[in-house]
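# Chain and residue survey
So the chains spell out like this:
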Amino acid sequence: MSPTTLDVPHNGTPKHHESPASLFEIEDPELARLLDRPRHVNIERKRSFDERSFSDMSISSPRHFPLDGTYSPGRRSGFGTPRSSNFEPHPIIGEAWESLRRSLVYFRGQPVGTIAALDHSTEELNYDQVFVRDFVPSALAFLMNGEPEIVKNFLLKTLRLQSWEKRVDQFKLGEGVMPASFKVLHDPVRNFETIIADFGESAIGRVAPVDSGFWWIILLRAYTKSTGDTSLAELPEIQRGMRLILSLCLSEGFDTFPTLLCADGCCMIDRRMGVYGYPIEIQALFFMALRCALNLLKHDEEGKDIIDRVVKRLHALSYHMRTYFWLDIKQLNDIYRYKTEEYSHTAVNKFNVMPDSIPDWLFDFMPTHGGYFVGNVSPAKMDFRWFCLGNCVAILSSLATPEQASAIMDLIESRWQELVGEMPLKICYPAMESHEWRIVTGCDPKNTGWSYHNGGSWPVLLWLLTAACIKSGRPQIARRAIELAESRLLKDHWPEYYDGKFGRYIGKQARKFQTWSIAGYLVAKMMLDDPSHLGMISLEEDKQMKPQIKRSTSWVA
């Protein structure tokens, strides 16, 4: 089946064409009005990052201070980060902004996103499309620079795409699924613009994106927090879109865990990498999206039921993740001495993890002080690999307790060469090689050892690391990583990823001028200079989510 398409002439009159795909009109009067006519919003950034308790369901009006609409490298930091009085912006910042603006995509004269990459030297594949997850750092960069309109347009456009019927080989996807990506096609002869949306039916591996809906909610909250404009989130269409996403992932089934069961390739790691089950990236994004939704959902008749379900899931999910996914030296020693085949609710080894399954590399990798959330936990399986995105989002969402966040920072500092090396930042560690690589990846030539998703280094992760470092009170870690990236990114033409154990080589199939590599750097730089930006992507700890049982306290120095 071809992707869902929509033809729209520049005069706004929809025209349908024969196609095996389903065709839908964009002319929803309210959404068309919002897309076509920019509205004035009060652009203010918040100094207060505090969020309401899960038990306090009211959405309060946060405090804020004016934003002048431009990025000022010399602005005073709300966090009191030390700086020199003669601080000058790095020379590559201007180049980065120019490249980011070249990546903008327009629909009916309005900017609606950024394409994945501007590299025309190789086969484009789907790098010329607007990806939901890829656009997030671009959106944050524009919000931090006082340009929120493109983010509003993107949110409304993807919301409209969500309402389309989604079929893959005669099978209908869930109503709440957000697209992985969309493309705007221009036909100058017929004066038409066509939107093609991909919900997984054209993706490599044909996997629907689980993370797109979560990123959409997180970005909606970032827009609201940055601009102070609550009217967008309060639109009936936006509220319905959130409820559809939440209903899909909160649906009841046979699962005994509060985590979300997912297929391989459903997130940033969009190739077969053995992350099927309950990957940390999805669980952390799930947790963060639930918390963001809690602050955005209206307390009306339609929202009341879903809010109650969100609160209950958050309590269960936070306990499960902090208890069973957390690993430090003490917990590793406990697993090493696990008994197996334990029956009844009194079992210590609840998932029947075999001690012999602990990989040899882990004993040397685990520092005395430090810890992290492992990649996956399911029956008889514990994926001990480190995954960067999931651990950083765990910190930003306060899924990680302050002690656990500090332990994750300790781990990064202790294992700097392995996790950062010469180019930030390892997407996962360690890489799979030889027989394990053949079995788990299906001999994927793009995911050979220390390349792409299999232990490659991704500059886009710089913004997540920086945000997590600032929130954890360790900005010096981010500053060191940014300086490493600045020494190469522009010279290497902003690659998608780097290869090798230490990120020494430009990825063998990496696209140049990868938009989220550019935007990720800009967001990291702006956030480090003015940490008050952190408020749009960070959630403070809810005191009522303190775990009842602490599996380990070894992260305390």
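Residue numbers here run from 1 along each chain, matching the order of that chain's written sequence. Confidence filtering applies because this is a predicted model: local features only for residues at pLDDT of at least 70, side-chain atom pairs given and counted only at 80 or more, and all residues used for totals across whole chains, interfaces and linings. Where side-chain values are given, they derive from all heavy atoms of the structure, hydrogens and water being excluded.

### Side note on helix α10 (residues 329–336)
When accessible area is computed with a 1.4 Å probe and restricted to protein chains, residues below 20% of their type maximum are described as buried, those above 50% as exposed, and intermediate ones as partly exposed. Strands here are runs of E lasting at least two residues and helices are runs of H or I lasting at least four, both read from the DSSP assignment and numbered beginning at the N terminus. Within the sequence span of α10, burial applies to Q331, L332 and I335. Down the axis of α10, the buried side of the element spans an arc of 105°, and every buried residue falls inside it. Definition of a polar contact: a pair of N or O atoms within 3.5 Å, with one able to donate and the other able to accept a hydrogen when the atoms are protein atoms, and with sequence-neighbouring residues admitted only if both atoms are side-chain atoms. The N-cap residue of α10 is D328: its side-chain oxygen and the backbone nitrogen of K330 are 3.3 Å apart. The arc refers to the directions leading from the helix axis to the C-beta atoms.

### Structural notes on the side chain of Q283
Tracing the chain through its elements places Q283 in helix α8 (residues 280–296). Note on Q283: relative accessible area 0%, which makes it buried. A distance of 2.7 Å separates a polar side-chain atom of Q283 from the backbone nitrogen of L260. In what follows, a contact means two residues having at least one pair of non-hydrogen atoms within 4.5 Å. With residues up to four places along the chain from it excluded, the contact list for Q283 reads T259, L260, Y278, L317 and M321.

### As for the pattern of salt bridges
Salt bridges are defined by distance alone: a side-chain nitrogen of Lys or Arg within 4 Å of a carboxyl oxygen of Asp or Glu. Within this structure, the stated rule accounts for 17 salt bridges. A salt bridge links R101 to E147, with the shortest nitrogen-to-oxygen separation between them at 2.7 Å. Linking R101 in helix α2 (residues 92–102) with E147 in the loop between α3 (132–144) and α4 (149–162), this pair joins segments that are 46 residues apart in sequence. Counted as one network, the salt bridges with shared partners bring together D410, E413 and R474.

### Re the packing of α4 against helix α5 (residues 211–227)
Relative placement of two packed helices is described by the angle separating their axes and the distance separating the axes. Here α4 crosses α5 at 145°, and the two axes come no closer than 10 Å. The hand of the α4/α5 crossing is left-handed. Contacts between α4 and α5 involve V151, K152, F154, L155, T158 and L159 from the first element and W216, L219, L220 and Y223 from the second. Just so you know the grouping, Ala, Val, Leu, Ile, Met, Phe, Trp, Tyr, Cys and Pro go in nonpolar, Asp, Glu, Lys and Arg go in charged, and all remaining residues, Gly too, go in polar. Among the residues forming the contact of α4 with α5, the class breakdown is 8 nonpolar, 1 polar and 1 charged. Orientation is described by axes fitted as lines to C-alpha atoms, over the contacting stretch for helices, and by angles from 0 to 180 degrees between their N-to-C directions. Crossing handedness follows the turn of the near helix against the far one: under a right angle anticlockwise gives a left-handed crossing, and clockwise gives a right-handed one.

### Notes on the side chain of D328
Position of D328 among the secondary structure elements: in strand β11 (residues 326–328). At 7.1 Å, K330 is the nearest oppositely charged side chain to D328, a buried residue that forms no salt bridge. Side-chain polar atoms of D328 contact the side chain of W326, separated by 3.3 Å. Within the local environment of D328, its side chain forms a polar contact with the backbone nitrogen of Q331, the two atoms lying 2.9 Å apart. Here Asp and Glu are counted as negative and Lys and Arg as positive; His is not counted, and neither are the chain ends.

### What to know about α5
Residues lying three or four places apart along an α-helix face the same way, a consequence of the helix completing one turn every 3.6 residues. With 17 residues, α5 ought to run about 24 Å at 1.5 Å a step, and its terminal C-alpha atoms sit 24 Å apart, in line with that. Burial analysis of α5 places 17 of its 17 residues in the buried class, the great majority of the element. Among the residues trailing α5, G228 stands out with phi positive, at a value near 80°. Multiply 1.5 Å by the residue count of a helix minus one, and that product is the helix's expected span.

No statement about biological role is implied by the geometric values presented.
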